[in-house]
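Results of the structural survey
What follows is each chain in one-letter form.
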Amino acid sequence: MNNAENFQYLLKAGTELSRHRIAETELPWRKYRTPYRIFLAEMLLVRTRTDVVADHFEKIASKYPTLEALAFADENELREVLRPLGLSKRVPYLIKAARYICDSHSGEIPTDVESLLKVPGIGTYTATAIVTFAHGQGLVPADVNILRFVSRFTGLDMGHMTKGSKELRNLLPILSESKVGLSAENLLDFTRLICKSRKPKCDVCPLSEHCSYFKKHAPGDETV
Ligand code: SF4
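Residues numbered from 1 in each chain as written. Predicted model: local features only at pLDDT ≥ 70, side-chain atom pairs only at ≥ 80, totals over all residues. Heavy atoms only, no water.

**Section: the overall build of the protein**
A tally of helices and strands in the protein yields 13 helices and zero strands. Along its sequence from the N terminus, the protein presents helices and strands in the succession α-α-α-α-α-α-α-α-α-α-α-α-α. Residues counted as buried form 49% of the 224 residues belonging to the protein. Element-wise, carbon and sulfur atoms account for 51% of the exposed surface of the protein, whose accessible area totals about 11800 Å². (Helix = DSSP H or I, 4+ residues; strand = E, 2+ residues; numbered from the N terminus. Buried < 20%, exposed > 50% of the residue type's maximum accessible area, 1.4 Å probe, protein only. Areas by Shrake-Rupley, 256 points an atom, 1.4 Å probe, with all protein chains shown as cover.)

Next comes the structure, spelled out in structure tokens:
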């Protein structure tokens, strides 16, 4: 596909996806949504599987129900709470980030990416995810799974294994323009449940008609 086709088909893909509800069950931080709960979830989700965080989220959120409670948590206690997720080492970063927001933003989760990038331990993806999901801004986070989907769909090379290529990242705003940005969670669910890293479910995918990956792999091919 050339650039104009990529633009057109991605726009259609985003619109098509926004018509489908992908996940059958709602993740706990989406059921009862506050900026703090989204912040907490996104901090835990870094390099951690969604289902693992989902299984433990309510227990963690009820033990530390506010940003202040997290900022002044006892390190050893928090380590024990996060041990089942394999996240004990993340304790100092979580506390540091929560304290920074308490001190520099009066305990309010910042609403813009630039301010969030100054919070210790927060990178571009997490900052974008927080403003998108906590504050309803129509962005699409440059998540590795989303970049992989765009790479498969357009046929463009993935480039860097986790950051993707610049060309791919430049295509993400198209998905926001197609309004899927209003439901970027739907896109994340799509890449978690259908366009998965291993064996994507192309047979049930609503986007297969214009997908480069699908066109290259015949049905029954083991890699599809
Ligand atoms: Fe992903 Fe397959 Fe759908 Fe293409 S057809 S977007 S590879 S699930």
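Continuing now.
**Quick look at the site of the ligand**
Taken together, Phe 149, Arg 152, Cys 195, Pro 200, Cys 202, Cys 205, Ser 208, Cys 211, Tyr 213 and Phe 214 form the complete shell of residues around the ligand. When contributions to the shell around the ligand are tallied by element, the ones reaching two or more residues are helix H10 (144–154) and helix H13 (212–216). Across the shell around the ligand, the residue classes break down as eight nonpolar, one polar and one charged. (Near = heavy atom within 4 Å. Nonpolar A, V, L, I, M, F, W, Y, C, P; charged D, E, K, R; others polar.)

**Some words on the packing of aromatic side chains**
Taken as a whole and assessed by the stated rule, the structure comprises four aromatic pairs. Ring plane angle 70° and centroid distance 5.3 Å describe the contact between Trp 29 and Phe 57, whose orientation is recorded as edge-to-face. In this pair, Trp 29 sits in helix H2 (residues 28–31) while Phe 57 sits in helix H4 (residues 50–63), placing the two residues 28 residues apart along the sequence. Given the relative accessible area of 4%, Trp 29 is considered buried. Taking relative accessible area as the criterion, Phe 57 reaches 0% and is therefore assigned buried. Centre to centre, the rings of Phe 149 and Phe 190 are 5.3 Å apart; their planes meet at 85°, and the pair counts as edge-to-face. Here Phe 149 is found in helix H10, whereas its partner Phe 190 is found in helix H12 (residues 184–193), with 41 residues between them in sequence. Of the two residues, Phe 149 and Phe 190, neither departs from the other in class, the shared state being buried. Over the ring of Tyr 213 we find Arg 152, and its NZ or CZ is 5.2 Å from the ring centre. (Phe/Tyr/Trp six-rings, centres within 6.5 Å; stacked < 30°, edge-to-face > 60°. Lys NZ or Arg CZ within 6 Å of the ring centre and 35° of its normal.)

**Digging into the pattern of salt bridges**
In total, this model carries eight salt bridges according to the counting rule given. Lys 63 is the salt-bridge partner of Glu 77, the closest N and O atoms lying 3.2 Å from each other. With Glu 77 in helix H6 (residues 75–82) and Lys 63 in helix H4, the pair connects residues that are 14 residues apart, well separated along the chain. Asp 189 serves as the salt-bridge partner of Arg 192, at 2.9 Å between the closest nitrogen and oxygen. Highlighted residues: Arg 192 and Asp 189, both in helix H12, separated by three residues, approximately one helical turn. We classify Asp 189 as buried; its relative accessible area is 4%. Each member of the salt-bridge network shares a partner with another, and the members are Glu 26, Arg 30, Asp 189 and Arg 192. (Salt bridge = Lys/Arg side-chain N within 4 Å of Asp/Glu carboxyl O.)

**A few points about H10**
With nine of its 11 residues buried, H10 lies for the most part within the structure. Turning to H10, its buried residues are Ile 146, Leu 147, Arg 148, Phe 149, Val 150, Ser 151, Arg 152, Phe 153 and Thr 154. At the C-terminal side of H10, Gly 155 shows a positive phi close to 85°.

**Some thoughts on the side chain of Ser 165**
Note on placement: Ser 165 falls in the loop between H10 and helix H11 (166–177). In this structure Ser 165 comes out as buried when scored by relative accessible area, which is 18%. Side-chain polar atoms of Ser 165 contact the backbone nitrogen of Leu 168, separated by 3.1 Å. Dropping the residues within four chain positions of it, Ser 165 is found in contact with Asp 157, Met 158, Gly 159 and His 160. (Polar contact = N/O pair within 3.5 Å; in protein donor to acceptor, adjacent residues only side chain to side chain. Contact = heavy atoms within 4.5 Å.)

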